[in-house]
Amino acid sequence: MATILLVEDTPANRALATKLLRAAGHEVLTAETATAGIAMARERLPDLVLMDLGLPDMDGWQALGEIRAGEGAVAQLRVVAFTAHAMLGDRERALAAGFDDYLSKPIEFGTFAARVGDLLL
């Protein structure tokens, strides 16, 4: 079982992703803002962070910068861009910015669970 931090401001997306992650046997921590997500990442050091890119207080790109600017294990956290804005080139842009991977919404159980499982290896 892994601990996954889901930073997602949309209640429906947060509820669905949480349900799917828990069904796969993971502990799920949630945050509705980037600021809360960064604080939780620093405090709990999850195995994986799923970071929405369109958060209300700061975008996921800025939040990633804050996490990567941390010290020690915090800077090394696996952070995955998790977004509904799936445009051509977005995945490459996210990887170039320092995200460990890129998952687009809407999520489908089988694909989502498999990708998360691969990221935890």
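So, a few notes on the structure that sits alongside this text. (Residues numbered from 1 in each chain as written. Predicted model: local features only at pLDDT ≥ 70, side-chain atom pairs only at ≥ 80, totals over all residues. Heavy atoms only, no water.)

**Notes on the packing of helix α1 (residues 11-23) against helix α5 (residues 109-119)**
- For the pair α1 and α5, the least separation of the axes is 10 Å and the interaxial angle reads 65°. Considering the relative orientation of α1 and α5, their crossing is right-handed. Along its contact with α1, which presents Ala17, Leu20 and Leu21, the element α5 presents Phe109, Phe112 and Val116. (Axes fitted to C-alpha atoms, helices over the stretch in contact; angles between N-to-C directions. Helix = DSSP H or I, 4+ residues; strand = E, 2+ residues; numbered from the N terminus. Left-handed = near helix turned anticlockwise from the far one by under 90°. Contact = heavy atoms within 4.5 Å.)

**Focus on the nonpolar core**
- If you look at the biggest cluster of nonpolar residues, it comprises 22 residues, and the most contacted ones within it are Leu5, Val7, Val49, Met51, Ile67, Val79 and Phe99.
- If you list the elements that add at least two residues to this core, you get β1 (3-7), β2 (27-31), α2 (34-44), β3 (48-52), α3 (60-68) and β4 (79-83).
- Counting 15 residues, the second-largest nonpolar core is a separate cluster that includes Ile4, Leu6, Val28 and Val80. (Core = buried A, V, L, I, M, F, W, Y, C linked by side-chain atoms within 4.5 Å. Buried < 20%, exposed > 50% of the residue type's maximum accessible area, 1.4 Å probe, protein only.)

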